Amino acid sequence: MPYSVGLQAASAALLSAGLPVLFTTAIIVLLVIVTVTSSLQKDVADAPARLPIYSLFAIIPFFRRRFDFLNWGFEATGHSAFQFDLLRNKVIVVSGESARQVFFTAKGLDLTEGFKILSGAIPMVRGVTSDLQTKRISLIHKRLAAVQKNEQLSMLIPPMLEDSRRLMETWGNSGSLDPFDKIYELIFQLTVRSLSCAEISDDPCVVSRLKKLYDTLDVGTTPATVLLPWLPTPAMVKKLWATKEIYDIVVTAITARQQSGVSKNDTLQMLLDSGDEKLVVVGFIMGLLIAGARATGTTACWMLTFLGGHSDWREKAKAEVEGLLASQYLSQNSPNDSLSSQLAAIPLETWETETPVLDSIIRETLRVAQPHTAMRRNLGPEMHIDGKLIPSGSYVVYPFSDVHLNPDIYHDPWKFDPNRQPETKSAYNYVGWGGGKTVCLGQRLARVELKIVTALFLLGFRHSIVDGSGKFSPEPPLPNWNDILLCRPPEGSFRLRFERSGAVL
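Residues numbered from 1 in each chain as written. Predicted model: local features only at pLDDT ≥ 70, side-chain atom pairs only at ≥ 80, totals over all residues. Heavy atoms only, no water.

- The name an unreviewed UniProt entry assigns to the chain is Cytochrome P450, from the organism Lentinula guzmanii.
- Database annotation for the chain, UniProt heading Cofactor (unreviewed entry): "heme". (UniProt positions renumbered as here; feature names shortened; annotations may be inferred.)

What follows is the structure in structure tokens.
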């Protein structure tokens, strides 16, 4: 009798609390059931070692402190591969040279499926940016390659430099800035210029609004929104609303172009002239805008931060750009022209083949300050990595820190040293642009963006690093690999102090 009375009392309390409490209680019960069920499952003999914690306790660390969590996993299990569950999703983390090679080359490991489930920060619109047929994905990749052909990319350099000049002018003649605000904002503008259309990129208010909406997607990406996308949490509602607004902005721009009948020389026009259906065009712009801006923006922020703390490399890079101007521009034009117009006259081929210093700086920045964790899903059949079973349907994770911050491959791995070479020779001892069958398809555009922004900044400004109190800091901050988007140190811990060089931007 006391037992039944207790149940009745509990039921009454829940009902009086209302639907939100009932819903939350149901979710908690569901999570507990899933956790207990997964913990009772027995692993086969060749399964990777399992983390010594309940899977429920792995969710928050995986999404919030991934670098520390994965390192702890290797230490706690004592193995080069381990597994844990994210609700009903089996996740296997691998490391080591042979595992790295299989990860980047195995046909059954799919990037799109892995990224969609374990990341969740791309705006998801069914049939537009998610649940795409293989044919449509291939078409988007083909169009991205077309954007980076010589003629198209050469055409983009002058307007990208003009965008850079315009935004740098707003900084004033001297002061300090947070690169993860101002430099990232600049790269976002260039990415919009490169991958969308004049209707958007020529309107600073629309670009600013787009950036805020994509930032909302980043902030709103929580364990719940990724693992329980059907759950109407406040974060998910914000993400859905931001996605709708991004979609509306892109569709409005496309419609305006089609109705105007005016042809413009930009990426949208190339997509329309190719006869692509509207959903492909929308998906191309929505998905690639943020994918490009995040990776390139992170690298640009850290490049200028590292150069602010390494004056020797700053001067080497500046001298290289000055050498390009001396050989490519000043012999035929006036040195009194603006820096942006001088740099715009440098041919694409020169940017790509005659900038070894900038190339080495980009490479080293990607190594030490790109907190990538590559994700794949095994679409089948089951396979083995280093003798450990990877079941069909499971997710496989490879942290880039396993190679890029490995002291056996890179001595003193946290040190920024563009002159360095790996201690060991292997096809996969550097994966800054990916590897095997999954390399960065937009890397040509990204390299050009990074080089022209760095060149204009170095010629137009003198800069150094100051700490949170404004005092000169001789060393750049340490990249925070737990920040899976920007590798950003604690906000307010440093800034870049700058002063105009006197040249006209």
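Further notes follow.
Regarding the sheet that holds strand S3 (residues 89–94)
Now for step 1: Spatial strand order, S1-S2-S3-S9-S6-S4: six strands in an open sheet with mixed pairing. At either margin of the open sheet sits one strand with a lone partner, and together these are strand S1 (49–50) and strand S4 (109–110).
Now for step 2: Inspection of the sheet shows S1 paired to strand S2 (residues 81–86) by two bridges, in the parallel sense. Bridging from a neighbouring strand, arginine 50 pairs with glutamine 83 of S2.
Now for step 3: Running at roughly 125° to S2, helix H4 (residues 66–77) makes contact with S1, S2, S3, strand S6 (373–378) and strand S9 (395–399) of the sheet.
Now for step 4: Running at roughly 125° to S9, helix H5 (residues 97–105) makes contact with S3, S4, S6 and S9 of the sheet. (Pairing = 2+ DSSP bridges. Helix = DSSP H or I, 4+ residues; strand = E, 2+ residues; numbered from the N terminus. Contact = heavy atoms within 4.5 Å. Axes fitted to C-alpha atoms, helices over the stretch in contact; angles between N-to-C directions.)

Considerations on H5
Now for step 1: If you check which residues of H5 are buried, you get Ala99, Arg100, Phe103 and Phe104. What you see down the axis of H5 is that its buried residues fit within an arc of 125°, all on one side. (Buried < 20%, exposed > 50% of the residue type's maximum accessible area, 1.4 Å probe, protein only. Arc of directions from axis to C-beta.)

Let's talk about the pattern of salt bridges
Now for step 1: A complete count under the given rule lists 27 salt bridges for this structure.
Now for step 2: Arginine 377 is the salt-bridge partner of glutamate 113, the closest N and O atoms lying 3.9 Å from each other. Taken as a pair, glutamate 113 in helix H6 (residues 111–118) and arginine 377 in strand S6 lie far apart in primary sequence, 264 residues in all.
Now for step 3: By sharing partners, the salt bridges in this structure join Glu162, Arg165, Glu169 and Arg500 into a single network. (Salt bridge = Lys/Arg side-chain N within 4 Å of Asp/Glu carboxyl O.)

Quick word on helix H15 (residues 278–309)
Now for step 1: Given a rise of 1.5 Å per residue, 32 residues ought to cover 46 Å, and the 46 Å separating the end C-alpha atoms of H15 matches this to within 8%.
Now for step 2: Of all the bends in H15, the greatest measures close to 25° and is centred on leucine 288.
Now for step 3: When you tally the buried positions in H15, you get 27 out of 32 residues, the bulk of the element. (Expected span 1.5 Å × (residues − 1). Bend = angle between axes of the 7 residues up to and from the residue.)

Describing the confidence of the model for the chain
Now for step 1: With 87% of its residues at a pLDDT of at least 70, the chain reaches an overall mean of 87.
Now for step 2: Scored below 50 in pLDDT, residues 1–31 makes 13 contacts in the model with residues more than four places away or belonging to other chains. (pLDDT = per-residue confidence, 0-100.)

Focus: the packing of helix H19 (residues 356–369) against helix H21 (residues 443–460)
Now for step 1: Closest axis-to-axis distance for the H19/H21 pair is 11 Å, and the angle between their directions is 115°. Taken as axis vectors, H19 and H21 run roughly perpendicular relative to one another. The hand of the H19/H21 crossing is right-handed. Contact residues: H19 offers Leu358, Asp359 and Ile362, while H21 offers Arg447, Leu450, Lys451 and Thr454. (Parallel < 35°, antiparallel > 145°, perpendicular 65-115°, else oblique. Left-handed = near helix turned anticlockwise from the far one by under 90°.)

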